[in-house]
Amino acid sequence: MSRLTGSAIRSTSPQTHAVVMGGSIAGLLAARVLLNHFERVTLLERDQFPDQPIPRAGVPQGYHVHALLMQGQQILEKLFPGIIQELIQSGAMSMDWIADWKFLGIDGWLEQHQSGLNGLSCTRLLLEWQVRQRLMVNQRLHLRSGAVVQGLTIDEQPNSRITGVSLRGTSDDAEPEWFDADLVVDATGRNSKLPQWLASLGYEKPPETTVNSFLGYASRWYRQPKEAIAQGIIISSKPGETTRGGVCYPVEGDRWIVTLSGISGDHPPDDEAGFLAFAKSLRDSSLHTAIQSAEPCSPIRSYRRTENQWRHYEQLNAMPQGIVALGDAVCCFNPVYGQGMTAAAIGAMTLNECLQHTSGTPQRSRWEQAFQQRLAKALETPWFMATGEDFRWEQTQGQRPGWPTTLLQGYFDRVLKLSETNANAHRAFIEVAHLIKSPTVLFTPRLLWDMLGPLPQATHKHAPDVKELA
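Residues numbered from 1 in each chain as written. Predicted model: local features only at pLDDT ≥ 70, side-chain atom pairs only at ≥ 80, totals over all residues. Heavy atoms only, no water.

> Help me understand unusual backbone geometry in this model?
Peptide bonds are mostly trans, and most non-glycine residues show a negative phi. In this structure, F214 takes a positive phi of about 55° despite not being glycine. Position of F214 relative to the elements: it lies in the loop between β12 (208-211) and β13 (216-223). (Helix = DSSP H or I, 4+ residues; strand = E, 2+ residues; numbered from the N terminus.)

Below you can see the structure in the form of structure tokens.
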């Protein structure tokens, strides 16, 4: 017997059909790997997709800095061979994460050297647009924009299995529709309705963990001065001294995105005088000096929904077959750490690996819960890093970690401190932060030996050469 979580008209469609709900980075990458396993894939998105890499209503974060970590970049190239070069040809910059970034850490500026750890610097708008263009050339993919998913359909005999989705268009007179599917993937982000839909079908909602440091940020785009070179700058906050931080991020079109952030409710204003005053109040004046001589080319836009949230589908005792969730629909991070797009890429690759082990019959095997468990395991490291940073602040809400985690965080602080003068420590720190190596790389004998020596003295009054930025 089938029943719906929303009213819809049923129609028939071919087998081996997968439906992805959500057309942002997580949904696009999920659709790409599903094309490896299904005859047809339908991507449903409530927004209308623009023809150019410009903002759209469903991605308000698109105005802000988005970093694709090196792990995410490697996955992107695996899924779309040649896309990194295409992005560079479209204006994205390949930048060395150590040589081309000035990073004010705990007490001082981290040392810089040519490391070969290169990453893309571009807007999320360009990245998402380029992925969508590559995906749409596949004739087995059907992209449906302006579609609002209303619920799931389920066949309860002989085993509970999701059999499709019900949806309606965005216009007032749109008729409801129904899509059959052998698999439904929820990539609808923070606002996912899957927990409510599961509850309406008689299943438990997944337990949730939330850690909130009450960070807010504001961003403005600037035209780079002609004499500027492609370098970025990161000025971190520091517990006990300031809740404020900022980043100057070079992007395509000879522009900078400047994002100012404040923790524990100390949020940057969205008016020009307040924005500049906030930039001037950072631990170093270099970012403020840079934007004083740069031409603004956008309004100031704010963003406040930054809590870490994990829906623990891996802990459910039962879920219907034929449905999985990934991306921010499962686990979303404080955006200031830049992990979201890479976590979505990891989720897509985990999905691909699980489907490879279903012997070509994913609709007949119970693999979905194994996927959610493997995904949860893959998310442990970025979750630990993001929430560990947020728990530095007394005002942060959430279940605080035990003493082993606190000890590890203290050790990581020492690694970051050593990175002010030690190239090996800096490289290891970047490799872990970009999820290309396990945190165990921070405990190699060579690095442990270096940690036994005296750490560098505070040097945070030493600013970088501002002429390189402006």
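Back to the text.
> I tried to follow the packing of helix α9 (residues 368-390) against helix α10 (residues 403-418) on my own but got confused; where do I start?
Between two packed helices, what matters for the description is the angle formed by their axes and the separation of those axes. Between α9 and α10, the least distance of the axes is 11 Å, while the angle of their chain directions is 85°. It follows that α9 is roughly perpendicular to α10 by the angle criterion. Judged by residue contacts, F384, G388 and E389 of α9 engage T405, L408, Q409 and F412 from α10. Tallied by class, the residues present in the contact of α9 with α10 amount to three nonpolar, three polar and one charged. (Axes fitted to C-alpha atoms, helices over the stretch in contact; angles between N-to-C directions. Parallel < 35°, antiparallel > 145°, perpendicular 65-115°, else oblique. Contact = heavy atoms within 4.5 Å. Nonpolar A, V, L, I, M, F, W, Y, C, P; charged D, E, K, R; others polar.)

> Honestly, the pattern of salt bridges in this entry has me stumped. Any pointers?
Proximity of charged atoms lets side chains of opposite charge pair with each other. A full pass over the atoms with the stated rule returns 21 salt bridges. Ionic pairing is found between R255 and E252, a salt bridge with its closest N-O pair at 3.7 Å. For E252, a relative accessible area of 8% puts it in the buried group. Of the charged contacts, one joins R427 and E431 as a salt bridge, the two residues approaching to 3.1 Å between their closest N and O atoms. One end of the pair is R427 and the other is E431, both in helix α11 (residues 423-433) and four residues apart, which spans about a single turn. Taken together, the shared-partner salt bridges in this structure form one network comprising D107, K238, E241, R283, K417 and E420. (Salt bridge = Lys/Arg side-chain N within 4 Å of Asp/Glu carboxyl O. Buried < 20%, exposed > 50% of the residue type's maximum accessible area, 1.4 Å probe, protein only.)

> Mind showing me how you'd approach the environment of E177 here?
Topologically, E177 is positioned in strand β10 (residues 177-180). The class for E177 is partly exposed, based on a relative accessible area of 28%. For the pair E177 and E389, spaced 212 residues apart in sequence, the C-alpha separation works out to 45 Å. In this structure the side chain of E177 is engaged in a polar contact, spanning 2.5 Å, whose partner is the side chain of R144. (Polar contact = N/O pair within 3.5 Å; in protein donor to acceptor, adjacent residues only side chain to side chain.)

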